[in-house]
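Spelled out from the first residue to the last, the chains are:
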Amino acid sequence: MRLQGRRRATLLVILAAVAALSVANASVFAYRTLYGNVKIADITQGQDQTSITQYGLACVGFYTSDSIKDRGVLPTAGTNYNAAPIGTTSTGGWYGVKVVPGDVACSWTNTSTNNTNTLYKTATVYINVTNGDWYFKDILGFGYPNITSSPSPAYVIVRVEGALSNTNITKALLKIYDASSGNLIGQIDLKNNGDYINFTLTPGQGVQIDLDLSATGAVSSDSFTVRFYISPSSEQPR
């Protein structure tokens, strides 16, 4: 009986010590430190053809036939970004497609021609059509201006990250064509989230973007989001 009592006492002491140690460990931290330094250059204004060359892939972006004035910079694309409407309403509305460029990615002035050339980070496509089948050619360009020679090539991944969901839209394809040769590079299904294609661009190359759309019945409103990822490597984005 006395031996059993000693065993119990020893067990209680050990448990108490472990409990005390656990509480003490909860207030101890080891840490490591990451430092960062950020420097940002504004390439949306105030640049010329000499200073802009250092920025490489930062100048890859959307463009239209009006935003690239010096024709040797990129092949012609986006010729129908602001095409005449296919119809108008009595209240001043329109039917057709138009593209509105958004935030500037890169802009510079050619001091020889005094032309300003601009590529954009974003663009919005406005589509207003009736049911039926529609094909819109060369509504927007996307390219790598030849103001720089490095890095080359640029790897581009075009991916649907917000798909159309209305069942009355029976087909919605974004088609990518080489702006110089006119050859089809690939297409993505705007109704299929995650659908993607990839291709490369070297300085001076661009693509033309077409839209192939079919619908039945009526669609009050729907939208899509497509991202164009640009990288000096072929690694996939998350």
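Reading guide: rules and limits
Residues numbered from 1 in each chain as written. Predicted model: local features only at pLDDT ≥ 70, side-chain atom pairs only at ≥ 80, totals over all residues. Heavy atoms only, no water. Helix = DSSP H or I, 4+ residues; strand = E, 2+ residues; numbered from the N terminus. Buried < 20%, exposed > 50% of the residue type's maximum accessible area, 1.4 Å probe, protein only. Contact = heavy atoms within 4.5 Å. Areas by Shrake-Rupley, 256 points an atom, 1.4 Å probe, with all protein chains shown as cover. Salt bridge = Lys/Arg side-chain N within 4 Å of Asp/Glu carboxyl O. Lys, Arg positive; Asp, Glu negative; His and termini not counted. Polar contact = N/O pair within 3.5 Å; in protein donor to acceptor, adjacent residues only side chain to side chain. Pairing = 2+ DSSP bridges.

Trainee: How do you make sense of the overall build of the protein when you look at a structure like this?
Mentor: When helices and strands are tallied, the protein shows one helix and 13 strands. Starting at the N terminus and walking to the C terminus, you meet the elements of the protein as α-β-β-β-β-β-β-β-β-β-β-β-β-β. Residue burial in the protein is summarised as follows: out of 238 residues, 33% are buried. Long-range pairs, those at least 24 residues apart, make up 75% of the contacts in the protein between residues at least 6 apart in sequence. As displayed, the protein has an accessible area near 14,300 Å², and 51% of this comes from carbon and sulfur atoms.

Trainee: Is there a simple way to explain the pattern of salt bridges in this structure?
Mentor: Opposite charge on two side chains lets them pair, provided their charged atoms get close. All chains considered together, the criterion is met by four salt bridges. As a salt-bridge pair, Glu 161 and Arg 159 come within 2.8 Å of each other at their nearest N and O atoms. A residue is classified by how much of its surface remains accessible, and Glu 161, at 30% relative accessible area, is partly exposed. A salt bridge links Asp 212 to Lys 171, with the nearest nitrogen and oxygen atoms 3.4 Å apart.

Trainee: Got a minute to help me understand the side chain of Lys 175 in this structure?
Mentor: Residue position: Lys 175 is located in strand β9 (residues 169-178). What Lys 175 contacts, discounting residues up to four positions off in sequence, is Tyr 135, Leu 184, Gly 186, Gln 187, Gln 208, Ile 209, Asp 210 and Asp 212.

Trainee: Where do I start with the side chain of Asp 210 in this structure?
Mentor: On the secondary structure map, Asp 210 appears in strand β12 (residues 205-215). For the buried Asp 210, which has no salt bridge, the nearest side chain bearing the opposite charge is Lys 137, at an N-O separation of 6.8 Å. A polar contact is formed between the side chain of Asp 210 and the backbone nitrogen of Asp 138, at a distance of 2.7 Å. Setting aside residues up to four positions removed in sequence, Asp 210 forms contacts with Tyr 135, Phe 136, Lys 137, Asp 138, Leu 173, Leu 174, Lys 175 and Tyr 177.

Trainee: Just to check I follow, could you spell out the sheet that holds strand β2 (residues 87-88) for this structure?
Mentor: Strand order in this open sheet of three strands is β2-β3-β6, and the pairing throughout is antiparallel. Edge positions in the open sheet fall to β2 and β6 (123-128), since each of these has one partner strand only. The pairing of β2 with strand β3 (residues 94-101) spans two bridges and is antiparallel. What sits directly across from Gly 87, in β3, is Tyr 95.

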